Amino acid sequence: MAERHRQIILQNDPDPEETQEWLEALDGVIEHEGPERAHYLIESLISEAREHGADIPYSANTAYVNTIPADKQPPYPGDPDLEIKIHSYIRWNAMAMVVRANRDSNVGGHIASFASAAVLYDVGFNHFFHAPTEDHGGDLVYFQGHSAPGIYARAFLLGRLTEEQMIHFRREVDGKGLSSYPHPWLMPQFWQFPTVSMGLGPIQAIYQARFIKYLITRGLVDPAKHEQRKVWCFIGDGETDEVETLGAIGMAAREKLDNLIFVINCNLQRLDGPVRGNGKIIQELEAEFRGAGWNVIKVIWGTHWDALFARDKTGALRRRMMELCDGDYQTFKAKDGAYVREHFFNTPELKALVADWTDEEIWQLNRGGHDIFKVFAAYKAAVEHKGQPTVILAKTIKGYGMGQAGEAMNIAHQAKKMDHDAIRRFRDRFQLPIPDDKLDELPFLTFAPDSAEYRYMQERRQALGGYLPQRRTKSEITLPVPPLDAFKSFFAGTGPGREISTTMALVRIMIQLMRDKQLGKHIVPIVPDESRTFGMEGMFRQFGIWSQEGQKYVPEDHDQLMFYKESRDGQILQEGINEAGAVCDFIAAGTSYSVHGVPMIPFYIFYSMFGFQRTMDLIWAAADQRTRGFLIGGTSGRTTLNGEGLQHEDGHSHLLSAAVPNCVSYDPTFQYEVAVIVQEGLRRMVAEQEDVFYYITVLNENYEHPPMPESETVREDILKGMYLFQAAPDNLDGPRVQLMGSGAILREAIAAAELLARDWNVAADVWSCPSFTELARDGHDCVRWNLLHPLEAPRKSHVEQKLENHPGPVVAATDYVRLFAEQIRPFVKRTYLTLGTDGFGRSDTREKLRHFFEVDRHWITIAALKALADDGEIDRKLVAAALVKYGIDPEKPNPRLV
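Residues numbered from 1 in each chain as written. Predicted model: local features only at pLDDT ≥ 70, side-chain atom pairs only at ≥ 80, totals over all residues. Heavy atoms only, no water.

**Looking at the overall build of the protein**
Spelled out, the test is: Put simply, DSSP marks the helices as runs of H or I at least four residues long and the strands as runs of E at least two long, and each gets a number from the N terminus on. Classification of residues uses two cut-offs on accessible area relative to the type maximum, computed with a 1.4 Å probe and protein chains only: under 20% is buried, over 50% is exposed, and between them is partly exposed. The contact criterion used is simple: two residues touch if any of their non-hydrogen atoms lie within 4.5 Å.
When helices and strands are counted, the protein shows 36 helices and 18 strands. Counting only C-alpha atoms, the protein reaches 110 × 75 × 55 Å along its principal axes. When each of the 898 residues of the protein is scored for burial, the buried share is 58%. Across the protein, the fraction of contacts at a sequence separation of at least 24, relative to all contacts at a separation of at least 6, is 77%.

What follows is the structure, encoded as structure tokens:
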């Protein structure tokens, strides 16, 4: 013991004898009272030193060894030999499906990621991952996307997938194949979570774990079933460079999410090379997670190292492990035992440790992530840990088993093919029963139904509740949706002199829904620290802001009517300045019907500029995951948020939402439009359980709202995206024009109709177009139908049907870029001019901004007159006269370029 102490005493120690005494005393505590007592004493000493002014920095790192020592490992509950044989078969099938898929195509696929992670998944499947049952809500597993072949390979061995499906990996168009990665949209009964857009799985897993706590504390699920659930998230070490991966780990610790387990596969390689060639990614991640407040478990070395640790009496082995960088470790595993002997065991002390070992025995020194005993010990400790989320840092080899085809090589991630010799070596390494003459066929291996291996696989899954992954497509709980009449107060208009914004109307609709005795508790308002911007502060006291710890302080505004109220059963999710986290809330709530069997209806309200633009990747994942709910883009449009300027003013979010196939988008102007749209969304998503979600933009501009027109088709027309808001007066005998608008600029179109009538004797019908996107989709559906049915009467789009009895050119103006209204150009079978807010936003009054962007009433009037002149309906001199009358400078710079 004294020899070891001499090795670790620092150079330049002014009193080595005193240091020796302290170390020996510590040894005595560890030997007689255990490491926990030693840790307590050390922490107490550090605390006392700080009390006396000693500035002792915190170190979040431990030695580069396993967190759980060999003598603390629990006994392994399974049959190791059977499990190793089973996962050898899984490895083969995963490799075979990728290599077969790429022999005569370029569909791609990945071998190396699963090859490194096979044991990490197999131990989970055999002993930890619970499926939903009557007594257990089921664990949630976020599989690393590049490991999908391995998950398919296991499902195939269990009889869940057919050989035809395996053969058609990444060939989905004919309906026979398997998706490239976890995609619930493409495989809705299999995959739960889309994860291959790296970084999105980890952040979603964190918020999903917290949403389970939300459901429990609000009394929406049975605690007995759901408190035992775990959220497992499998991550690659290279993926931790994505900001979303680590961006919310502080929240997970703050919220004490002990139902959350990250498993980071540290194979030391990313897509092109080492993750940290000059450093140690495991040590780096340990410090980050431990510093954030997580429980950290390192699984670095496998069982074969235990004998060497026992031999090492001086700590030389640990020091050598610590001084090497990841680039060295990668190189070792790309070489052989002789190379490792020469370059790792490179001192007399280290050479002596392995003097009686062969090169082959040295080569068998395994990494912890490939050792079922080490992985099981880590998983068991993680599952049993309370009060903190846990991260397991498991060291593996990328491309494990691929040999010269990619094992521990920089090319491993891109490897999709293996030649005959590499396949033969793979077979031999894992002792697989494939004769030489069948190797090139890459046959898929199976177990006979009466075999011990097949029975073992089935028994282990049945003991854990059934198969995973699996996905519920519908909620068994049905909720009644309020009929349209329940919103009739929004149809009457606000009355003369009473001005409100569509944001206010939306919030009132939400409050009405939250008061509904059956539906109300299922509404989930989500806001990223902008409640007062959107007029939601009145909801604080009535519904509360959710916090599983309640409110342990007296809020500064406690004496106010609308004070800031946090509570365990609060309904509002207030995410702080965190749009990415809020979208994850939206996904967790909007998929609750599937993940938890409880339908929830999220209303996520955000600055429209900071929604799709900032978090489009997550919103795309929400679409893939068949999320249901309402995205509310507040302060929308380029000219309504007049004082905030370029970074805040949105003129393009509707273009982004239009790109999402199952997102239904609207830009309403009046409160009755909002009410009709929300009620229809509830009907489709809650009553009919359609896999769509809605994007509704609302304004911060106050004005009078008229009553809903009494047309019998107005509701249907609002939902289709276009209805006649106002017909031109009958007493006008001049030329006719059709004006379209949405959102803030519809009111400018209404004003332009008045100018056209008063100043130019032009009759203008005004059309409200709450959704140019839905109009375009309808139009393209008609075009497609007509293409495929050439012998039948052509169908007409909604735009064509509405305009066919309303002559004259068409002018459309919105608070968005021209492309928004340009979507319907193919279906406007006449002269069509669009006005929009192309360019960067800036600060000024709304009136100034609308003139600057050329979308106000005067510009709409000019555009209408120009369209009439182009059609030969009026003299062009009238257009020139209008420019003079309204003070418009023909040399005004193009706003797109300013």
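That was the structure; now back to the text.
**Quick notes on the pattern of salt bridges**
Counted only if it meets this: The salt bridge criterion pairs a side-chain nitrogen of Lys or Arg with a carboxyl oxygen of Asp or Glu, the two atoms within 4 Å.
If you walk through the whole model with that rule in mind, you get 46 salt bridges. Measuring nitrogen to oxygen at the nearest pair gives 3.1 Å for the salt bridge that ties Asp-241 to Arg-270. Of this pair, Asp-241 sits in the loop between β2 (231-236) and α10 (243-247) while Arg-270 sits in the loop between β3 (260-266) and α12 (281-292); the two residues are 29 residues apart in sequence, bridging distant segments of the chain. Here Asp-241 falls in the partly exposed class, since its relative accessible area comes to 35%. Residue Asp-759 pairs with Arg-758 through a salt bridge whose shortest N-O separation is 2.9 Å. Relative accessible area serves as the criterion here: at 22%, Asp-759 is assigned to the partly exposed category. Several salt bridges converge on common partners, so that one network encompasses Arg-210, Glu-255, Glu-575 and Asp-585.

**Notes on the environment of Ile-300**
Secondary-structure assignment places Ile-300 in the loop between β4 (295-299) and α13 (306-311). Each residue touching Ile-300, except ones within four places of it in the same chain, is listed here: Tyr-64, Val-65, Asn-66, Ile-282, Arg-367, Gly-368 and Lys-395.

**Quick word on the sheet that holds strand β12 (residues 663-666)**
As a reminder of what qualifies: The pairing criterion is simple: DSSP has to find at least two bridges between the two strands. Here, axes are lines fitted to C-alpha atoms. For helices the fit covers the stretch in contact, and angles between N-to-C directions go from 0 to 180 degrees.
An order of β9-β6-β10-β11-β13-β12 is seen for the 6 strands of this open sheet, with the pairing classed as parallel. The sheet is open, and its two edges are formed by β9 (573-574) and β12, each paired on a single side. Sheet topology note: the strand β6 (residues 523-527)/β9 ladder contains 2 bridges and is parallel. Each residue of the ladder has a partner; that of Ile-526, found in β9, is Leu-573. Taken strand by strand, helix α24 (residues 579-590) contacts β6, β9, β10 (601-607), β11 (630-634) and β13 (693-697), and its axis lies near 160 degrees from that of β10.

**Side note on the packing of helix α4 (residues 80-101) against helix α5 (residues 112-127)**
The line we're drawing: For classification purposes, an angle smaller than 35 degrees is called roughly parallel, one larger than 145 roughly antiparallel, one from 65 to 115 roughly perpendicular, and anything else oblique. If you view the pair so one helix is near and one far, a crossing is left-handed when the near helix is turned anticlockwise from the far one by less than a right angle, and right-handed when it is turned clockwise.
Two elements in contact, α4 and α5, have axes separated by 10 Å at closest approach and are oriented at 130 degrees. In this view, α4 runs oblique relative to α5, as classed from their interaxial angle. Relative to α5, α4 is oriented so that their crossing is right-handed. Residues Glu-83, His-87, Ile-90, Arg-91 and Ala-94 of α4 lie in contact with α5, whose contacting residues are Phe-114, Ala-115, Ala-118, Val-119, Asp-122, Asn-126 and His-127.

**Here's the deal with the packing of α24 against helix α26 (residues 612-624)**
Taken N-terminus to C-terminus, the directions of α24 and α26 make an angle of 10 degrees; their axes are 9 Å apart at the nearest point. The angle between the axes of α24 and α26 places the two elements in the roughly parallel class. Residue-level contacts link Glu-579, Ala-580, Val-583, Cys-584, Phe-586 and Ile-587 of α24 to Arg-614, Thr-615, Leu-618, Ile-619 and Ala-622 of α26.

**Section: the sheet that holds β3**
Pairing in this open sheet of 5 strands is parallel, and the strands run β1-β2-β3-β5-β4 from one edge to the other. In this open sheet, the two edge strands, each paired with only one partner strand, are β1 (140-142) and β4. In this sheet, adjacent strand axes meet at a mean angle of 15 degrees when their direction is disregarded. The sheet contact formed by β1 and β2 spans 3 bridges and is parallel. Each bridged residue has a counterpart across the sheet, and for Val-141 the counterpart in β2 is Trp-232. Sheet strands touched by helix α8 (residues 200-217): β1, β2 and β3. Its angle to β2, the strand with the most contacts, is close to 170 degrees.

**Some thoughts on helix α19 (residues 372-384)**
To be explicit about the condition: In this analysis, the expected span of each helix is defined as 1.5 Å times one less than the number of residues it contains. Any pair of N or O atoms that falls within 3.5 Å is considered a polar contact. Within protein, one atom must be able to donate a hydrogen and the other to accept it, and sequence-neighbouring residues count only if both atoms are side-chain atoms.
Taking 1.5 Å as the rise per residue, α19 with 13 residues should run 18 Å; its terminal C-alpha atoms sit 18 Å apart, in good agreement. For α19, the side-chain oxygen to backbone nitrogen distance between the N-cap and Phe-373 is 2.9 Å, and the N-cap itself is Asp-371.

**A short note on the nonpolar core**
Applied cut-off: Note on terminology: a nonpolar core comprises buried Ala, Val, Leu, Ile, Met, Phe, Trp, Tyr and Cys residues joined through side-chain atoms within 4.5 Å.
In this structure, Phe-630, Val-678 and Leu-739 are the most contacted members of the largest nonpolar core, which totals 89 residues. In terms of nonpolar packing, the next biggest core, distinct from the first, is built from 88 residues, Tyr-142, Ala-205, Tyr-214 and Ile-235 among them.

**A closer look at the pairing of strand β16 (residues 763-768)**
The two faces of the sheet receive side chains in turn, since in a regular strand these alternate between them. Just so we agree on the cut-off: Place the viewer so that the strands point away; then a crossover is right-handed whenever the path from the first strand over the helix to the second strand goes clockwise.
Burial analysis of β16 places 6 of its 6 residues in the buried class, which makes it a mostly covered element. Summarising the sheet, strand β14 (residues 723-726) and β16 pair through 3 bridges and their orientation is antiparallel. The partner of Gln-726 across the bridge, within β16, is Val-766. Read as a crossover between parallel neighbours, the route from strand β15 (residues 736-741) over helix α30 (residues 746-760) to β16 is right-handed.

**Focus: unusual backbone geometry**
A cis amide bond links Leu-468 with the next residue in sequence, Pro-469, at an omega value of -5 degrees. Among the structural elements, Pro-469 can be located in the loop between α21 (452-463) and α22 (502-514). Positive phi values are uncommon outside glycine, yet Glu-854 reaches one of about 65 degrees. Under the relative-accessibility criterion, Glu-854 is labelled buried at 12%.

**With respect to the side chain of Asp-691**
Within the secondary structure layout, Asp-691 lies in the loop between α28 (671-687) and β13. Looking at Asp-691, its side chain comes within polar contact range of the side chain of Arg-626, at 2.8 Å. A distance of 2.8 Å separates polar atoms of two side chains, one belonging to Asp-691 and the other to Arg-628.

**Digging into the packing of aromatic side chains**
Going by this rule: A pair of aromatic rings is counted whenever rings of Phe, Tyr or Trp (Trp by its six-membered ring) have centres within 6.5 Å, and the orientation is called stacked for planes under 30 degrees apart, edge-to-face for over 60 and tilted otherwise.
Evaluation of the coordinates by the stated rule reveals 57 aromatic pairs. Aromatic pair Trp-92 and Phe-426: ring centres 6.1 Å apart, planes at 55 degrees, arrangement tilted. Taken together, the residues span a long stretch of sequence, with Trp-92 in helix α4 and Phe-426 in helix α20 (residues 420-429) at a distance of 334 residues. Take Phe-426: its relative accessible area is 2%, and that puts it in the buried class. Centroid distance Phe-772 to Phe-820: 5.3 Å. Interplanar angle 70 degrees. Geometry classified as edge-to-face.

**Structural notes on the environment of Gln-571**
Position of Gln-571 among the secondary structure elements: in the loop between β8 (566-567) and β9. In this structure Gln-571 comes out as buried when scored by relative accessible area, which is 6%. Separated by 27 residues in the primary sequence, Gln-571 and Gly-544 place their C-alpha atoms 5.8 Å from one another. Reaching out from Gln-571, the side chain makes a polar contact with the backbone oxygen of Gly-520 at a distance of 2.8 Å.

**Observations concerning helix α35 (residues 857-870)**
Along an α-helix, residues three or four apart share an orientation, since each turn contains 3.6 residues. For α35, spanning 14 residues, the distance from its first C-alpha to its last is 20 Å, which sits close to the expected 20 Å at 1.5 Å a residue. Among the 14 residues in α35, 10 count as buried, and that is most of the element. Taken together, the buried positions of α35 are Trp-859, Ile-860, Thr-861, Ile-862, Ala-863, Ala-864, Leu-865, Ala-867, Leu-868 and Ala-869. Buried residues along α35 sit against β15, α30, β17 (810-813), β18 (832-835), α34 (846-852) and α36 (876-885). Just past α35, the residue Gly-872 takes up positive phi, approximately 80 degrees.

**Thoughts on the side chain of Gln-208**
In this structure, Gln-208 sits in helix α8. If we ignore the near neighbours within four places in the chain, the residues touching Gln-208 are Leu-140, Tyr-142, Phe-193, Ala-588, Thr-591, Val-595 and His-596.

**Let's talk about the environment of Thr-473**
If you trace the backbone, Thr-473 turns up in the loop between α21 and α22. Judged by relative accessible area, Thr-473 falls into the partly exposed class, the value being 29%. Taking C-alpha positions, Thr-473 is 9.2 Å from Val-595, a pair spaced 122 residues apart along the chain. Not counting residues up to four positions away in its chain, the partners in contact with Thr-473 are Pro-188, Gln-189, Tyr-593 and Arg-628.

**Details of the state of the cysteines**
We count it as follows: Cysteine sulfur atoms are paired as a disulfide whenever they fall within 2.5 Å.
Under the defined criterion, the tally for this structure stands at 0 disulfides. The cysteine Cys-663 is free of any disulfide, with Cys-584 supplying the nearest cysteine sulfur at 17 Å.

**Focus: the pairing of β3**
Burial analysis of β3 places 7 of its 7 residues in the buried class, which makes it a mostly covered element. Across the two faces of β3 the burial is the same, with Leu-260, Phe-262, Ile-264 and Cys-266 and Ile-261, Val-263 and Asn-265 all buried. Where β2 and β3 come together, 6 bridges link them in parallel fashion. Across the sheet, Trp-232 pairs through a bridge with Ile-261, a residue of β3. As paired elements, β3 and strand β5 (residues 390-395) share 6 bridges and run parallel to each other. Residue Phe-262 lies in a different strand from β5, and its bridge partner there is Val-391.

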